[in-house]
Amino acid sequence: MEAVIFDLGNVLLTLHWDRMFAHFTRHTGKSQLELERYHATTPWGRQLASGEMSQWDYYETVAADLGFNGSYDEFAAAWSDMFSPNEPLLQIAHQLKGKLPRFVLSNTNAIHMQSIFARFPCVDGFDGYILSHEIGVEKPDRRIYDWAVQRYRLNPGRTVFIDDLLENVHGARRAGLHAIHHQTPVGTRTELTKLGIPHI
């Protein structure tokens, strides 16, 4: 292999949706079930992640819908308090630094990425970032993988992609990449070793 592409959520960073929903419960009085239903049935999160909606419009729309009683900064802090470092995967990424090009490819948004780069220096310093809100395409759409290959001049047959969602793994494989369905750190490390990736 000549390059490794990591997903962010539940790969390099662990997601804690309950923690984020707890903040919104305090600010809106809505139950977690109501918040989950709102998140699942409105298009705003998807539009934010695809770059169709700015972070400011997202704040104004969601705050109005839910009765969020805080400023944009409070909203962004609450919406972004769902991440923690996934140390075993970050260790793999760190061990590959300077040995193989490392990239991040994620369905994400401007609010989250601003917080992630500020709070987690471990996610900084990769060789490139393919972020859905900047590209305008989300996984598992093949175009996001093709964009990564073209932008960074990767050989898809010599590049491996790691994601926790099977549909995204299938999307990467359709684009000609090797792909690992991340379920456990030991399993992912084993699969990387099988692909001939050294230094881990």
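Our subject is the structure that appears above.
Here's what I pulled together on the structure shown here. Everything numeric here is computed off the predicted structure, so don't read it as measured data.

The rules we used
- Residues numbered from 1 in each chain as written.
- Predicted model: local features only at pLDDT ≥ 70, side-chain atom pairs only at ≥ 80, totals over all residues.
- Heavy atoms only, no water.
- Helix = DSSP H or I, 4+ residues; strand = E, 2+ residues; numbered from the N terminus.
- Buried < 20%, exposed > 50% of the residue type's maximum accessible area, 1.4 Å probe, protein only.
- Contact = heavy atoms within 4.5 Å.
- Pairing = 2+ DSSP bridges.
- Axes fitted to C-alpha atoms, helices over the stretch in contact; angles between N-to-C directions.

## Here's the deal with the environment of His-199
Working step 1: Mapped onto the fold, His-199 is located in the segment after helix 11 (185–194).
Working step 2: Given the relative accessible area of 43%, His-199 is considered partly exposed.
Working step 3: Sequence separation between His-199 and Leu-96 is 103 residues, and the spatial gap between their C-alpha atoms is 6.4 Å.
Working step 4: If near-sequence neighbours (up to four positions away) are discounted, His-199 is found in contact with Gln-95 and Lys-99.

## Some details on the sheet that holds strand 7 (residues 178–181)
By definition, the strands of a sheet pair up through backbone hydrogen bonds, in either a parallel or an antiparallel sense.
Working step 1: Taken in spatial order, the five strands line up as 5-4-1-6-7 in an open sheet, and their pairing is parallel. Each of the sheet's edge strands pairs with one partner strand only, and the pair in question is strand 5 (128–131) and strand 7. Looking at each pair of strands side by side, their axes are set apart by 20° on average, direction ignored.
Working step 2: Taken together, the three bridges between strand 1 (residues 3–6) and strand 4 (residues 102–106) define a ladder with parallel strand orientation. Bridge pairing in strand 4 places Val-4 opposite Arg-102.

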